[in-house]
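Report on the structure
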Amino acid sequence: MTSGDESRPVTEEELHAHADGLLPDGRRAAVEQYLAAHPEEAARVEGWMRITASLHDTFDEVLDEPVPARLSGLRPPSRLWPRLAAAAALLLAGLAGWWLRGALPGGDAYREAMLPHRAAVAHAVYSPEVRHPVEVGSDQEAHLVAWLSKRLGTTLRVPRLGPLGYDLLGGRLLPGDRGPVAQFMYADPAGKRLTLYVARAESGETGTAFRFSQEGAVGVFYWVDRSMGYALSAELPRAELLRVADAVYAQIEKVPG
Amino acid sequence: MSDRDRIVELIPRLRRYARALSGGRGEADDLVQDTLARAFDKLHLWRPERDLRVWLFSVMHNLHVDQGRARRARPEVPMGGEALLAPASGGPGDVLERQRLIRALEWLPAPQKQVLLLVALEQLSYDEVARALGIPVGTVMSRLSRARATLRALLAGDGRAPTLEVVR
């Protein structure tokens, strides 16, 4: 022992700091001397250090585990603002497209492009939602269908896409330019989502063939059947999306009416 | 790198702490998920001078307390508990050794366990632990001391059954 700082008696706090590698350099020699002179205390501190080593031995492997999607899925891109920005970009791109085609809003080209475009924007806004992707979940499917049917003023039917690997998550009601719109959301086991947008068609339109529109990253197959417009959106290869769209179309067509 | 990227980068550490705190993987990841959701919501409240890691642990701590997870009944010390925690043969990597540690942690009261894990596992300084948990440094030291004494008694299997007074 010398003088000053180093001659202070060693405290319990300093023993912990020693075990935790948090001891200031100026006190190391004093603590080490103390432990050398007190074997019981040294055994106690050694016991603490063994516990620390065991904790790391037991739990450090968590650091190497891949982070589950539900946690990494909370990444910022799923937040509202970036999503709204993505939706706004889609909206602008769409408007620019019509402008370049020389079609002003209100014209036929505008109306034709409206359905897939609105569907893609709704898809971009809601499909990244982690906690509240839908308003009513598939566990209340009967209620969901009755509610949305009533609001749209038609009998809706939710296609079953389970055999294709997409399970219903649920649905929500959205505002459209011709009244309420229904959005149904599906997900595959990897979490890949697709949405089916159902809106009342433009007056006079009773039926059309399948059409495809690429809206940014979102691909949309859309058609009109018995005065209802349908648009299926997902970030999927076109062929895969078509496969699902065929199934949706076949099931909706079967409904008598 | 943005604050959000730095939060994402810290997810593995949040998971490690939550796992040690709660034991089960599902429950631990639920806690991490809630922590991230709240952290992203409250990011504007975070001041750069506060260490992001400390702040995230404090968010997690508050959730843990709010949701009553910390108060969830822990197993009572069973009769012959000391025998269950008798030393296992083999090195520190031994499976039995890990199970003993996990069981011993379950017996620690949450406030002691939080301090011990933040210090020993997450290697926060005592000041940082005090800030993360919102308690004085003196309380950090006394909880750390009690946590270590209790764990040592449990893991030493020296024939002394831990009394309820010790583990509370």
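Preceding block: the structure.
The text that follows walks through the structure, step by step, so that each part is easy to find. Given the structure is predicted, the values throughout are model-derived calculations rather than measurements.

Looking now at the nonpolar core. Judged by nonpolar contacts, the single largest core of 63 residues is most densely connected at Leu55(A), Ile7(B) and Leu116(B). With 8 residues, the single largest contributor to this core is helix 4 (residues 52–66) of chain B. Each residue touching Ile7(B), except ones within four places of it in the same chain, is listed here: Leu36(B), Ala39(B), Phe40(B), Leu43(B), Leu52(B), Trp55(B) and Leu56(B). Membership of the second largest hydrophobic core comes to 30 residues, among which are Val136(A), Leu144(A), Phe221(A) and Val248(A).

So, on to the interface of chain B and chain A. Contact residues are listed per partner, giving 42 residues for chain B and 35 residues for chain A. Carbon and sulfur atoms make up 62% of the surface buried where chain B meets chain A, a total of about 3500 Å² over both sides. Ranking the residues of chain B by area buried against chain A places Gln33(B), Arg148(B) and Arg152(B) at the top, with a combined share of 18%. In this assembly, chain B and chain A are joined by 7 salt bridges. Of the charged contacts, one joins Glu61(A) and Arg98(B) as a salt bridge, the two residues approaching to 3.2 Å between their closest N and O atoms. Linking chain B to chain A there are 15 residue pairs in polar contact (both at pLDDT 80 or more).

What follows is about the pairing of strand 7 (residues 228–234) of chain A. Residues and elements named next belong to chain A. Across the 7 residues of strand 7, 7 count as buried, placing the element largely inside the fold. Side chains Met 228, Tyr 230, Leu 232 and Ala 234 of strand 7 all project onto a buried face; the interleaved residues Gly 229, Ala 231 and Ser 233 project onto the opposite face, where all are buried too. Note that strand 4 (residues 193–200) and strand 7 share 7 bridges and pair antiparallel. The residue of strand 7 that forms the bridge with Leu 194 is Ala 234. Alignment of strand 6 (residues 218–225) against strand 7, held across 7 bridges, turns out to be antiparallel.

Cut-off values and rules
Residues numbered from 1 in each chain as written. Chains lettered and ligands numbered in written order. Predicted model: local features only at pLDDT ≥ 70, side-chain atom pairs only at ≥ 80, totals over all residues. Heavy atoms only, no water. Core = buried A, V, L, I, M, F, W, Y, C linked by side-chain atoms within 4.5 Å. Buried < 20%, exposed > 50% of the residue type's maximum accessible area, 1.4 Å probe, protein only. Helix = DSSP H or I, 4+ residues; strand = E, 2+ residues; numbered from the N terminus. Contact = heavy atoms within 4.5 Å. Buried area = accessible area lost by both parts, 1.4 Å probe. Salt bridge = Lys/Arg side-chain N within 4 Å of Asp/Glu carboxyl O. Polar contact = N/O pair within 3.5 Å; in protein donor to acceptor, adjacent residues only side chain to side chain. Pairing = 2+ DSSP bridges.

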